[in-house]
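Report on the structure
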Amino acid sequence: MLVLALLRPAAAAAQNAGEFGVAPWSEAVISVADLNESAAWLVEDGGWREVSSGEMARSELDYWGLPNGVSGAFRKVCAAEAETGCIRFVRFDGAKNQRPIRLAARPWDTGGIFSIMLRSNDAQKMFDAAIARGWWAESEPYHFSFGTSDLINVVIRGPHGVNYAVYERVAPPFEGFPTGRLSQAFNSMRMVKDQPASLAWHRETLGMGVLFDAPFTDPEPRTNNLSVPANLATTLVRRAAVVQPVLPGEDGRIELMQFEGFEGRDLSAHALPPNLGIISVRYPVAKWEAYRAAISGKGADIAFEAEGVEIEGLGQTDIFAVRDPDGNLTEFYSDRD
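Here's a quick rundown of the structure.

Scoring rules and cut-offs
Residues numbered from 1 in each chain as written. Predicted model: local features only at pLDDT ≥ 70, side-chain atom pairs only at ≥ 80, totals over all residues. Heavy atoms only, no water. Helix = DSSP H or I, 4+ residues; strand = E, 2+ residues; numbered from the N terminus. Rg over C-alpha atoms; globule rule 2.2 N^0.38 Å. Buried < 20%, exposed > 50% of the residue type's maximum accessible area, 1.4 Å probe, protein only. Contact = heavy atoms within 4.5 Å. Areas by Shrake-Rupley, 256 points an atom, 1.4 Å probe, with all protein chains shown as cover. Lys, Arg positive; Asp, Glu negative; His and termini not counted. Charge placed at Lys NZ, Arg CZ, Asp CG, Glu CD. Polar contact = N/O pair within 3.5 Å; in protein donor to acceptor, adjacent residues only side chain to side chain. Core = buried A, V, L, I, M, F, W, Y, C linked by side-chain atoms within 4.5 Å. Arc of directions from axis to C-beta. Salt bridge = Lys/Arg side-chain N within 4 Å of Asp/Glu carboxyl O. Pairing = 2+ DSSP bridges. Axes fitted to C-alpha atoms, helices over the stretch in contact; angles between N-to-C directions. 1 Å grid on protein atoms, 1.4 Å probe; cavity = no way out; pocket = protein on both sides within 12 Å on 5 of 7 lines; lining within 4 Å. Points joined across faces, edges and corners; volume = space filled by probe spheres on them. Nonpolar A, V, L, I, M, F, W, Y, C, P; charged D, E, K, R; others polar.

**What to know about the overall build of the protein chain**
The helix and strand inventory of the protein chain stands at five helices and 19 strands. Radius of gyration (C-alpha) of the protein chain: 19 Å, near the 20 Å computed for a compact globule of 337 residues. Overall, the protein chain is about 55 × 45 × 40 Å in size when its C-alpha atoms are taken along their principal axes. Put simply, the protein chain has 337 residues, and 57% of those count as buried. Sequence separation of 24 or more characterises 70% of the internal contacts of the protein chain that already satisfy a separation of 6 or more. A total accessible area of about 12900 Å² is found for the protein chain, and carbon and sulfur atoms account for 50% of it. Taking the average place of the 31 positive charges on the side chains of the protein chain and the average place of its 44 negative ones, the gap between the two points comes to 2 Å.

Here you go:
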């Protein structure tokens, strides 16, 4: 059983992202070497489907600041009954000095998005399918309690160290959206150096609502889903908080976690394209210009931006990416069509 050391809402955002029409993120962008190999576990084992694929438009590559010698292809996949919480796998061809963002990383290393989270009605089956493919995991499926939920979780590691955190809610039944073998993606986890500061930035700069802020320790010395040694599990504090643009809601989340007392490597310098791994999550915004101006006025670091970018499946978009305090990218876009 997981013991919550503290479960508290944070102070209200200075200006709520929902006021600008920021909706839950529609897709995660993952840079890979092989589009089919990276998508196969989701599609063939998890029941996801391809919704679009092809060559990346030059305007999208220009938006990322990639040289003319780089081209790209993509494959976008979504859960069987979902149009959001999708994954866009991208392959950058001709890129030089490309490396995994979180090369040989441990969970407490910061910089680069750690995982994409999905739900399942059978976490053990999805774990077995991944292992049969030659993928790996942080642990075997791990049974624990969080708040009022009885859960099974396993962090599955695919090519280039891309992690998928699979949650099965044993009780009470989950009814927020269809689950099936693998549900739509609903959350992304970022390991951070200073969780209170990171939480404050997401709340005050981006205007995100705070679902929870809950430091915790394990009540008994046992191995767990994030590789904390059993002899440290009862004393190590893991500070976790979840933010999202719209409350209440079950998707579009970003989770911020800090392992207090564990000083990992800082991989933030590598958290950008064309490197391999989870590049970003993309939030649609109704009032794109107003939102961009609002968060820029609060000091947000705009790392990339462009207007009229052709992104198949999203349309012709105005889009920008901000860099959070740990160097991770989050994108906001508006469809011009």
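**Here we look at the side chain of R190**
Position of R190 relative to the elements: it lies in strand β11 (residues 185-191). Side chain to side chain, R190 and T330 meet in a polar contact 2.9 Å long. Excluding residues that lie within four positions of it along the chain, R190 makes contacts with I113, F114, H202, I254, E255, L256, M257, V281, D324, N328, L329 and T330.

**Let's talk about the nonpolar core**
Counting 59 residues, the largest nonpolar core has W41, L42, I87, F89, Y164, Y291 and F332 as the members making the most contacts within it. Residues within four places of W41 in sequence aside, it is in contact with G46, M126, A129, A130, R133, W135, I156, Y164, V166 and L182. Formed by 25 residues, the second largest nonpolar core is a distinct cluster that contains M117, F177, F212 and L236.

**Observations regarding the environment of Y291**
The residue Y291 is located in helix α5 (residues 288-297) in this model. C-alpha of Y291 to C-alpha of P159: the two residues are 132 residues apart in sequence and 35 Å apart in space.

**Side note on helix α3 (residues 123-132)**
Among the residues of α3, those classed as buried are A123, M126, F127, A129 and A130. Viewed end-on, α3 has its buried residues packed into an arc of 160 degrees, placing them on one side of the element. At its buried positions, α3 is contacted by α1 (35-45), β7 (136-137), β9 (149-157) and β10 (163-171). Positive phi shows up at G134, right after α3, with a value of about 90 degrees.

**Notes on the pattern of salt bridges**
All chains considered together, the criterion is met by 24 salt bridges. One salt bridge connects E27 with K76, and the closest N-O pair in it is separated by 3.0 Å. Residue E27 is found in strand β2 (residues 27-31), and its partner K76 is found in strand β4 (residues 71-78); the two are separated by 49 residues along the sequence. The buried category is assigned to E27, whose relative accessible area is 0%. Classification of K76 by relative accessible area gives buried; the value is 6%. D266 is paired through a salt bridge with K193; the nearest N and O atoms lie 2.9 Å apart. One end of the pair, D266, is in the loop between β15 (253-259) and β16 (277-284); the other, K193, is in the loop between β11 and α4 (195-204), and 73 residues separate them in sequence. Since its relative accessible area comes to 41%, D266 is described here as partly exposed.

**Concerning the sheet that holds β16**
Strand order across the open sheet formed by eight strands is β3-β4-β5-β2-β16-β19-β18-β17, with mixed pairing between neighbours. The outermost strands of the open sheet, each flanked by one partner alone, are β3 (49-55) and β17 (301-311). Neighbour to neighbour, the strand axes of the sheet diverge by 20 degrees on average, direction disregarded. Across five bridges, the pairing between β2 and β16 is antiparallel. Within the sheet, the bridge partner assigned to A28 lies in β16 and is V281. Of the strands in this sheet, β4 and β5 (86-93) touch α1, which is tilted by about 5 degrees from β4.

**Notes on empty space enclosed by the protein**
Counting across every chain of the model gives one cavity of 30 Å³ or more. In this structure, the largest cavity spans a volume of roughly 50 Å³. Along the walls of the largest cavity sit I101, R102, I113, F114, H160, G161, V162, L276, G277 and I278, which together make up its complete lining. At the level of elements, β6 (113-119) and β16 are the ones that each hand at least two residues to the lining of the largest cavity. When its residues are assigned to classes, the lining of the largest cavity shows six nonpolar, three polar and one charged.

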